[in-house]
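# Examining the three-dimensional arrangement
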Amino acid sequence: MRGLVDRGAWTWPVVLREGDVELRPLRRSDARAWRAVRSANVAWLTPWEATHPDVDAGPPPTFGQMVRSFSREARAGRMLPFAVAYQRDLVGQLTVSGIAWGSLRSAHAGYWVDRRVAGQGIIPTALALAVDHCFFTVGLHRIEINIRPENTASLRVAHKLGFRPEGLRPRYLHIDGGWRDHLSFALTVEDVPGGLLARWRAIRPQRDAERSH
């Protein structure tokens, strides 16, 4: 029983939806769509994506290897690796990883989205769905996101959702070929007693109105 308590209410696979936005497991059948989106967004994504500091690390995993690894880690309770779909089309990924149980009950989240649908509230919606699932179903206490200071689009996501700024982490992650500074943001379950999705629903109409003017 102790293991079950430490891992909260853990189940996988999981599908989460809000309107046209869906979070679901990445499938091997997504290979063609995933490669097409990634190919169309190379320049958009490269400045923000993790790289390996060891130049001799070898080639990255194949898509099939990545899906199998994600599935294994998810079943073990160490990761929530979601595909982000919008109107049923795959447009990105959102991953909750570094999940720690016991007295910490924390994790960090990362995401990317197709530039062609960026700015439409897809990632804020997806992140709110994931955070609420982690807090109110899984039983985590804290979710953290770390963003390069130059990544204005991702910083807007953190600000829109009311993530608490927690300062600068110098040379925190190896990104785009070098060790890059990151700004850290976090939420604990006490910050959103009514849920992050409810907060986002409440502020989104105002945000959309401001953007249209």
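The structure contained in this document is the topic of the report that follows.

Conventions we followed
Residues numbered from 1 in each chain as written. Predicted model: local features only at pLDDT ≥ 70, side-chain atom pairs only at ≥ 80, totals over all residues. Heavy atoms only, no water. Helix = DSSP H or I, 4+ residues; strand = E, 2+ residues; numbered from the N terminus. Rg over C-alpha atoms; globule rule 2.2 N^0.38 Å. Buried < 20%, exposed > 50% of the residue type's maximum accessible area, 1.4 Å probe, protein only. Contact = heavy atoms within 4.5 Å. Areas by Shrake-Rupley, 256 points an atom, 1.4 Å probe, with all protein chains shown as cover. Salt bridge = Lys/Arg side-chain N within 4 Å of Asp/Glu carboxyl O. Pairing = 2+ DSSP bridges. Axes fitted to C-alpha atoms, helices over the stretch in contact; angles between N-to-C directions.

### A look at the overall build of the protein
Across its full length, the protein holds seven helices and eight strands. Taken over C-alpha atoms, the radius of gyration comes to 17 Å for the protein, in line with the 17 Å a tight globule of 213 residues would show. If one aligns the C-alpha atoms of the protein with their principal axes, the spans along those axes are about 55 × 45 × 40 Å. The burial tally for the protein puts 45% of its 213 residues in the buried class. Sequence separation of 24 or more characterises 66% of the internal contacts of the protein that already satisfy a separation of 6 or more. Carbon together with sulfur atoms contributes 53% to the accessible area of the protein, which is approximately 11500 Å² in total.

### Considerations on the environment of D30
Looking at the secondary structure, you find D30 in the loop between β2 (21-25) and α2 (31-40). D30 sits 69 residues away from I99 along the chain, and the two C-alpha atoms are 25 Å apart.

### As for the pattern of salt bridges
One pass over the full model with this rule turns up 13 salt bridges. Between R24 and E22 there is a salt bridge, with the nearest N and O atoms lying 3.9 Å from each other. Side by side, R24 and E22 carry an identical accessibility label, which is buried. E144 is paired through a salt bridge with R169; the nearest N and O atoms lie 2.9 Å apart.

### Focus on the sheet that holds β2
Pairing within the open sheet is mixed, and its eight strands lie in the order β1-β2-β3-β4-β5-β6-β8-β7. If you trace the sheet from one side to the other, it starts and ends with β1 (16-18) and β7 (164-175), each paired once. The average angle at which neighbouring strand axes cross in this sheet is 25°, direction not considered. Its contacts with the sheet place helix α5 (residues 122-138) against β1, β2, β3 (80-86), β4 (89-100), β5 (106-113), β6 (142-147) and β8 (178-188), and it is angled at close to 55° to β2.

Keep in mind these numbers describe shape, not what the thing actually does.
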